[in-house]
Amino acid sequence: MATEPTGDAPADVADPITYFLDDQRYHGKSERTLEAYERVLRRFETFLDTRFDVDAVGTAQRRECMAWVHSLRGEFEDSTIATYASYLNRFYDYMTRVGVFDDNPMALVMEELSESIETNPTRRDISVPEMQSFVGSISHPLERAVIVTLLKTGMRVGELCNLDLRDLHLETPALDLEWTPRVGLEQRPESVFISAEPARGETVNGEERTASNKRKRDTVVPVDDELRGVICEWLAIRPDAVSSARPLFLDTRDSWGERLTPSDVRYIVEKHARDHGWYRTGGGTQENVTPHYFRHFFTTHLRDRTGDRGIVQYLRGDVAGDVIDTYTHNWGDRVRETYLESIYAITR
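As annotated in an unreviewed UniProt entry, the protein chain is Integrase family protein from Natrinema limicola JCM 13563.

A.B. asks: So what's going on with the packing of helix α1 (residues 16-26) against helix α2 (residues 31-52)? Which residues, and what values?
C.D. replies: Their axes nearest at 10 Å, the elements α1 and α2 cross at an angle of 165 degrees. Our classification of the angle between α1 and α2 gives roughly antiparallel. Both α1 and α2 take part in a crossing whose hand is right-handed. Where α1 approaches α2, its residues I17, T18, F20, L21, Q24 and R25 are matched on the opposing element by E31, L34, Y37, E38, L41, R42 and E45. The residue makeup of the contact of α1 with α2, split by class, is 6 nonpolar, 2 polar and 5 charged.

A.B. asks: A description of the nonpolar core should follow, citing residues and the corresponding values.
C.D. replies: By size, the foremost hydrophobic cluster in this structure holds 61 residues, and its most contacted members are M131, F249 and F294. Broken down by element, this core gets its largest block of residues, 7 residues, from helix α7 (residues 141-153). Other than its neighbours up to four places away in sequence, F249 contacts L142, A145, V146, T149, L160, L163, W234, E258, R259 and L260. Membership of the second largest hydrophobic core comes to 37 residues, among which are F52, W68, Y87 and F101.

A.B. asks: Lay out the sheet that holds strand β1 (residues 168-169) in plain terms, naming residues and giving numbers.
C.D. replies: Adjacent strands of a sheet form backbone hydrogen bonds with each other and so pair up, either parallel or antiparallel. The sheet built from 3 strands is open, its strands ordered β1-β2-β5 with antiparallel pairing. Each end of this open sheet is capped by a strand with a single partner; those strands are β1 and β5 (219-222).

A.B. asks: Before we move on, could you go through the pattern of salt bridges and cite the residues and values that matter?
C.D. replies: Counting across every chain of the model gives 20 salt bridges. A salt bridge links E207 to R259; the shortest N-O distance between them is 2.6 Å. Within this pair, whereas E207 is found in strand β4 (residues 207-208), its partner R259 is found in the loop between α9 (225-235) and α10 (262-275), the two being separated by 52 residues in sequence. Of the two residues examined, E207 and R259, each falls in the buried class. The residue E270 makes a salt bridge to R274 at a minimum N-O spacing of 2.7 Å. Here E270 pairs with R274, and both are found in helix α10, just 4 residues apart, close to one helical turn.

A.B. asks: Give me the confidence of the model for the protein chain: which residues, what numbers.
C.D. replies: Predicted confidence across the protein chain gives a mean pLDDT of 86, with 89% of residues reaching 70 or more. Taken element by element, the predicted model of the protein chain shows its lowest mean pLDDT in helix α13 (residues 321-329) (58) and its highest in α7 (97). When the criterion is pLDDT under 50, residues 1-7 qualifies, and its contacts beyond four places in sequence or with other chains add up to 17 contacts. Confidence drops under pLDDT 50 across residues 117-121; counting only partners more than four residues distant or on other chains, this segment forms 16 contacts.

Reading guide: rules and limits
Residues numbered from 1 in each chain as written. Predicted model: local features only at pLDDT ≥ 70, side-chain atom pairs only at ≥ 80, totals over all residues. Heavy atoms only, no water. Axes fitted to C-alpha atoms, helices over the stretch in contact; angles between N-to-C directions. Helix = DSSP H or I, 4+ residues; strand = E, 2+ residues; numbered from the N terminus. Parallel < 35°, antiparallel > 145°, perpendicular 65-115°, else oblique. Left-handed = near helix turned anticlockwise from the far one by under 90°. Contact = heavy atoms within 4.5 Å. Nonpolar A, V, L, I, M, F, W, Y, C, P; charged D, E, K, R; others polar. Core = buried A, V, L, I, M, F, W, Y, C linked by side-chain atoms within 4.5 Å. Buried < 20%, exposed > 50% of the residue type's maximum accessible area, 1.4 Å probe, protein only. Pairing = 2+ DSSP bridges. Salt bridge = Lys/Arg side-chain N within 4 Å of Asp/Glu carboxyl O. pLDDT = per-residue confidence, 0-100.

Printed below as a string of structure tokens:
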């Protein structure tokens, strides 16, 4: 969720990094988070000074930002590089919005690197038929719905846990369950709304959240017949929710009726992956199938099937504002039709 500025930015900021950190502290960021931001931003500042003789982060351009990201390769894992790049992007995005900087030199860098950073080519290579076999071995309606939702939408674990019933627009005449979809779904039937709003510690839809969504913008993802089927199977046995927010996915074990947490989802995925020979204690990302692997699977297979990088980026929630507006306006004509034509079958 975008952070609102505390007020008019001063005309001249002596230390932009300190200014950014102070504002983030004002908006409730933890000291641990602020320390991580400062460590990365000061590293970038030192890089500019030693490599390009640029003594101010406010004067850096796309070339310097790209060079810094590439300088991290070989020292850090791809996932860490992605995190560091996102920190720098958020810093520039915020400082641009409050008027301290004129533009965000990381914006184009993030678009160019989104796939190369987040799609790890050394991950386990799983075919669609192999994934169908894996899904076919899962019988519990909740666990099956959780895994198929991750596979069919590419959403992150926290985003799945933050879903409420209002984020679904489905016709369920056979179920004794009613809810009113959020306004953003009024003209978009058979779809799921993934919000950019929820953040850990903030109250959304009347409930304090324990997981954060990381999308740049709200996203509406189509629901095909397969996903609709497994969600309806879950809704048919879904217990009453403890929270008035009416979470979509609820615990059916020790915390009966409470919102499913990211650790719950990781446990579910690890259990089934281990049974399938896809998870080993001590194994790394190259070997183990985790919830984030399903996002990688979604990206790889849907991109290959559509040939449209932009639509996949939109569905992942990675796209910049001008691009996402294009897909938002053409959601019914382009995104939905392309998705339904291209999404893989996973429960057959």
